[in-house]
Amino acid sequence: MIALCHAITIPLAGEPKHNLLVISIDTLRADHLGCYGYPKPTTPGIDRFSRESVLFRTAIAHAPSTEPSHASIFTSMIPAHHGALRAKRMPISKKVVTMAEILRSAGYRTVSFNGGGQVGASYGFDRGFELYESSPGRFSEKVTAAIDWLERNADEEFFMFLHTYEVHAPYDPPAGRLKLFETDYKGALPGVIAPGLLMKINAGELQIDEADARHIVNVYDAGIRSVDDAFGKLMAHLRSTQLLDRTLIVFTSDHGEEFGEHGQTGRHSHTLYDELLKVPLIVRMPGARFASTVVERQVRGIDILPTVVDVLGLESLAQFEGSSLRGLMARKKKDDERVAVSQLDTTNEKPLSAIRSATRKLILGPHSFVPLQPGYQWFKDRVEIVTDARYLMLPMESFHVQRTVKISVDGEFVRQVVLPPRKQVLSIPFQTSEKRVVSIESLTPCTSTGEGLPCVSFRVFNPSEYFRLDDDPGEQNNLFADAAQRADIERLQTQLDALVSSAGAAAEAPVELDARSRERLKALGYAE
Ligand SMILES: [Zn+2]
């Protein structure tokens, strides 16, 4: 804590201190809330709260999974820098300061009632909290514990962090809530959707139809309604005890959930598409200042902590990679574009990184490369490409006739294929990333005459993706290999490289989990 002493100042004497309440509903997609345009009755209580608050229409999470995303909210750093990486089980780096540590050193009481698991104490999330209670259970149980604590400690400034996995799989809404969303489901799926069932569906072992897919979403929505019931109870308590206007309230989530947008259902942690990264962010200022403001501009999880210290009158830390949202809330025009870096960590050396501007997204695979010549290329007899990619995808097409094509790598035969007169995709994986010469040779003589009349064409793909979100919000049309986008892709890539490579905290040793934590993660569907 020594490092904190010079970095943080207590608010100026005479200024009233406001409380801070941060609520994170794990796995809550922004577009399933009424105030974000959802047509079903998931969130009447949160919708009412949003009218007294500032609603950020495009809030981007820094990871599609619980631990790294929450750590970004708590430290204002991207995952590569705060070090809390899910797949490698790394805790928040001890070299960075957390929200609770800042608030506690400013004299706040610091308490949390949360769902544990990936926000458990083992990962360092309890740092700075005098009380950090982790348990499974519905949001209503956290709210009961919160109200109980508030009744006993009403006179002191507090920072309270509430978190629940109620919306996370298993989707298990309380009795009576599902019928608000469906009354006529006749399929075979149960009223509780367990992680094991979702895994079977995603592995293709269990086929579902459209009605089943709708049912799964309805059960998820019913869980949101249950959270909303408890949220309403908490707001009523804050209102009746006059705490509401003396408290800065931040309502958000750590990531969304996929429902079929990219081939999986009831799943997160696996991609960097918007259904996993767009989260709700609703901020109620003390005294409901800036009420009913809607901010369309893109903001990020790392902007939450700088906003908190700004509104509460504390000092910023050098580690902050985000910046305060106060200017946007006050509708001041000038605000730089806030590009969002999101990272999907794996057990590989480097995480998969995405950079998102308001209208573009670039997802850069860990072993990406720029094709020598973007777009489709054609040849008559033989062509060579030099690449250090670990994985090549070659969509090939033979023109006019069926044709035999031979592929060699560094002069050694790899594969021979017969190309029908239509597209066929060849995948060639390599074990390591080093420079190779890949040659593609047509064994069938080319009979086309003249320039511009190809016999065989091919295109080089890799795991990188680029989307124009203004034309393609569903991220279905990967334009990474489109020559017309090259300049923009390179600009985003340079920006991403600079943001990711800037100094971060050194990594800690992986976390050893006790039996209870392992059980908790298993119940949430995380296999060992
Ligand atoms: Zn989560």
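Residues numbered from 1 in each chain as written. Predicted model: local features only at pLDDT ≥ 70, side-chain atom pairs only at ≥ 80, totals over all residues.

## A word on the overall build of the chain
Heads up, the rule is: Numbering of helices and strands runs from the N terminus, with a helix taken as a DSSP run of H or I at least four residues long and a strand as a DSSP run of E at least two residues long. Using C-beta atoms placed from the backbone, we call a residue buried if 20 or more other C-beta atoms fall within 10 Å of its own, exposed if 12 or fewer do, and partly exposed for counts in between. Any pair of residues counts as being in contact when their C-beta atoms, constructed from backbone geometry, are within 7 Å of one another.
Assigned secondary structure in the chain consists of 13 helices and 22 strands. Counting every position in the chain, which comprises 528 residues, the buried fraction comes to 43%. Counting only contacts in the chain whose residues sit at least 6 apart along the sequence, the fraction spanning at least 24 positions is 72%.

## Examining the nonpolar core
Short version of the rule: For the purposes of this analysis, a nonpolar core is taken to be any set of buried Ala, Val, Leu, Ile, Met, Phe, Trp, Tyr and Cys residues that are connected through C-beta atoms within 7 Å.
Membership of the largest hydrophobic core comes to 112 residues, with the highest contact counts inside it found for Leu103, Met160, Leu272, Val308 and Leu362. Counting residues per element, this core draws most heavily on helix 8 (residues 210-240), which supplies 11 residues. Those residues within four positions of Met160 in sequence are excluded, and the remaining contacts are Leu21, Val111, Ser112 and Ala146.

## Things to note about the environment of Leu197
Its location among the elements puts Leu197 in helix 7 (residues 195-202). Of the residues examined, Leu197 has 20 C-beta atoms within 10 Å and is grouped as buried.

## Things to note about helix 10 (residues 304-312)
Within helix 10, 7 of the 9 residues are buried, which leaves it mostly tucked inside the rest of the structure. Those residues of helix 10 lying buried are Ile304, Leu305, Thr307, Val308, Val309, Val311 and Leu312. Looking at the buried residues of helix 10, the elements they touch are strand 1 (19-25), helix 3 (66-75), helix 5 (99-105), strand 6 (247-252) and helix 11 (326-329). The positive-phi residue at the C-terminal boundary of helix 10 is Gly313, with phi of around 80°.

## Let's talk about the packing of helix 6 (residues 139-152) against helix 8
Here is the rule we go by: Interaxial angles span 0 to 180 degrees and are taken between N-to-C directions of axes, which are lines fitted to C-alpha atoms, for helices over the stretch in contact. Here roughly perpendicular refers to angles of 65 to 115 degrees, roughly parallel to angles under 35, roughly antiparallel to angles over 145, and oblique to all remaining angles. Crossing handedness is read from the near helix: turned anticlockwise from the far helix by less than a right angle, it gives a left-handed crossing, and turned clockwise, a right-handed one.
Interhelical geometry of helix 6 versus helix 8 gives an angle of 15° and a closest axis separation of 8 Å. One way to sum up the angle between helix 6 and helix 8 is to call them roughly parallel. Our pair here, helix 6 against helix 8, has a crossing hand that is right-handed. On the side of helix 6, the interface is formed by Phe139, Ser140, Val143, Ala146 and Ile147, while helix 8 contributes Val227, Asp229, Ala230, Lys233, Leu234 and His237.

## With respect to the environment of Pro510
Looking at the element boundaries, Pro510 is found in the loop between helix 12 (486-501) and helix 13 (515-523). Given 11 C-beta atoms within a 10 Å radius, Pro510 is considered exposed. The sequence separation of Pro510 and Arg86 amounts to 424 residues, and the corresponding C-alpha distance is 9.9 Å.

## Quick word on helix 8
Using the following cut-off: Here the expected span of a helix is defined as 1.5 Å times the quantity of residues minus one.
End to end, helix 8 covers 45 Å across 31 residues, agreeing with the expected 45 Å (1.5 Å per residue, within 8%). Following helix 8 by one or two positions, Gln242 adopts a phi angle in the positive range, close to 60°.

## A short note on the sheet that holds strand 15 (residues 382-387)
The criterion, for reference: Here, strands pair whenever DSSP counts at least two bridges between them.
Ordered by their spatial adjacency, 4 strands build an open sheet running 15-20-17-18, and the pairing between neighbours is antiparallel. Every other strand in the sheet has two partners, leaving strand 15 and strand 18 (412-419) as the edge strands with one partner each. Along the sheet, successive strands turn relative to each other by an average axial angle of 20°, direction set aside. Bridge count for strand 17 (residues 403-409) against strand 20 (residues 436-442) is 5 bridges, and the pairing is antiparallel. Its bridge partner lying in strand 20, Val405 is registered against Ser442.

## So, the confidence of the model for the chain
Our working definition: Within a predicted model, pLDDT stands for the predictor's per-residue confidence, ranging from 0 to 100.
Confidence along the chain averages 87 in pLDDT terms, with 85% of residues attaining 70 or more. Within the model, the stretch residues 1-14 combines pLDDT values under 50 with 20 contacts to residues more than four positions away or in other chains.

## A look at unusual backbone geometry
A cis amide bond links Ala169 to the next residue, Pro170, at an omega of 0°. If you trace the backbone, Pro170 turns up in the loop between strand 5 (158-164) and helix 7. Non-glycine residue Thr27 carries a positive phi angle of around 70°. Inspection of the secondary structure assignment puts Thr27 in the loop between strand 1 and helix 2 (44-51). On the basis of neighbour count, Thr27 is assigned to the buried category, with 27 C-beta atoms found within 10 Å. Here Arg89, not a glycine, exhibits a phi torsion of approximately 55°, which is positive.

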